[in-house]
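This is what each chain is made of:
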Amino acid sequence: MNALSTTGRILFALPFGVFGINHFLNATVLAGYVPAFFPGDAIWVYLTGIIFLAACICIIAERKVRLAGMLLGIILLVFVLTIHLPGLFNSVQTSLTPFLKDLALAGAAFYVAGHYHDNDMEVE
């Protein structure tokens, strides 16, 4: 893998480590963003934090990258559909940017997942 790909992979993964830590440090605040139809607000915040941290570690370490990318992409799409999309109906101005950001990050996560073989050390 070349230096540009390695740098991009690490720069993509690092913010999710920060997001994961933030989910543990600010669980009470973030629980307010969990849609009402999901029971157990704090549980979802902590689970998301774990997924973000695990994805960061796996993508940087190049271990289980395919699985990490797929799970990361799925959770980001869940955010898009359950938090940001309904928000667009209330306020396009404040919800459009997070909607598009998480949509783009989900696409990037699926792209990363799609370019790693099962043994994770070989990239297409």
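Per chain, residue numbering runs from 1 following the sequence as it is written. Residues qualify for local features only when their pLDDT is at least 70, as the model is predicted, and side-chain atom pairs are given and counted only at 80 or more; totals for whole chains, interfaces and linings, by contrast, use all residues. The basis for the side-chain values is all heavy atoms of the structure; hydrogens and waters are excluded.

J.: Can you walk me through the overall build of the protein in this structure?
T.: When you go through the protein residue by residue, the secondary structure sums to five helices and zero strands. The numbering of helices and of strands both runs from the N terminus, where a helix is a DSSP run of H or I of at least 4 residues and a strand a run of E of at least 2. Put simply, the protein runs from its N terminus to its C terminus through helices and strands in the order α-α-α-α-α. The reference for a compact globule is 2.2 Å times residues^0.38; the radius of gyration itself is calculated from the C-alpha atoms. Against the compact-globule benchmark of 14 Å for 124 residues, the protein has a radius of gyration of 15 Å, which places it among compact chains. Oriented by its inertia axes, the alpha-carbon framework of the protein measures out at about 45 × 25 × 20 Å.

J.: Teacher, can you tell me more about a nonpolar patch on the surface here?
T.: Patch definition: residues above 30% relative accessible area lacking any salt bridge, with like charges linked at up to 9 Å and the nonpolar side chains Val, Leu, Ile, Met, Phe, Trp and Tyr linked at up to 5 Å. Each accessible area is a Shrake-Rupley result for a 1.4 Å probe, and residues are judged covered by the shown protein chains and nothing else. Just to be clear on terms, a salt bridge is a Lys or Arg side-chain nitrogen sitting within 4 Å of an Asp or Glu carboxyl oxygen. There is a patch of nonpolar side chains on the surface, built from Leu67, Met70, Leu71, Ile74, Leu77, Val78, Leu96, Leu100, Leu103 and Phe110 and spanning about 780 Å² of accessible area. Taken together, the elements giving at least two residues each to the nonpolar patch come down to helix 4 (65-90) and helix 5 (92-114). The element that contributes the greatest number of residues to the nonpolar patch is helix 4, accounting for six residues. For the exposure calls, accessible area comes from a 1.4 Å probe over protein chains only, and a residue counts as buried if that area is under 20% of its type's maximum, exposed if over 50%, partly exposed in between. On the basis of relative accessible area, Phe110 is assigned to the partly exposed category, the value being 33%.

J.: Whenever I open this one, helix 3 (residues 41-61) confuses me. Can you help?
T.: Residue pairs three or four apart in sequence face the same way in an α-helix, which turns once every 3.6 residues. The end-to-end C-alpha distance of helix 3, which contains 21 residues, comes to 31 Å, matching closely the 30 Å that a straight helix rising 1.5 Å per residue would cover. Among the residues of helix 3, those classed as buried are Val45, Thr48, Gly49, Phe52, Ala55, Cys56 and Ile59. The buried residues of helix 3 occupy an angular sector of 135 degrees when the element is viewed end-on, so they sit on one face. Facing away from the buried surface of helix 3 by more than 90 degrees, the exposed residues are Ile43 and Ile57. If you follow the buried residues of helix 3, they end up packed against helix 1 (3-25), helix 2 (27-31) and helix 4. Expected helix span is computed as 1.5 Å times (number of residues minus one). Each C-beta atom gives one direction from the helix axis, and the arc is the one those directions make. Here, residues are in contact when the closest pair of their heavy atoms is within 4.5 Å.

J.: What is the right way to look at the nonpolar core in this model?
T.: Across soluble globular proteins, nonpolar side chains show a tendency to be buried alongside one another. Ranked by size, the top nonpolar core spans 17 residues in total, and within it Phe12, Phe16, Phe52, Ile59, Leu72, Ile75 and Leu76 carry the most contacts. Sorting the residues of this core by element identifies helix 1, helix 3, helix 4 and helix 5 as the ones contributing at least two each. The contact partners of Phe12, leaving out residues within four places of it in the chain, are Ile59, Leu72, Leu105, Ala108, Ala109 and Val112. Membership of the second largest hydrophobic core comes to five residues, among which are Ala27, Leu30, Ala31 and Val34. Residues grouped as a nonpolar core are buried Ala, Val, Leu, Ile, Met, Phe, Trp, Tyr and Cys residues, joined through side-chain atoms within 4.5 Å.

J.: Which parts of the structure should I look at to understand the side chain of Asp102?
T.: For Asp102, the location among the structural elements is in helix 5. We classify Asp102 as buried; its relative accessible area is 4%. By the criterion applied in these results, polar contacts are pairs of N or O atoms within 3.5 Å in which, for protein atoms, one can donate a hydrogen and the other can accept it, and in which residues neighboring in sequence qualify only through two side-chain atoms. A distance of 2.7 Å separates polar atoms of two side chains, one belonging to Asp102 and the other to His84. With residues near it in sequence (within four places) discarded, Asp102 still touches Leu76, Phe79, Val80 and His84.

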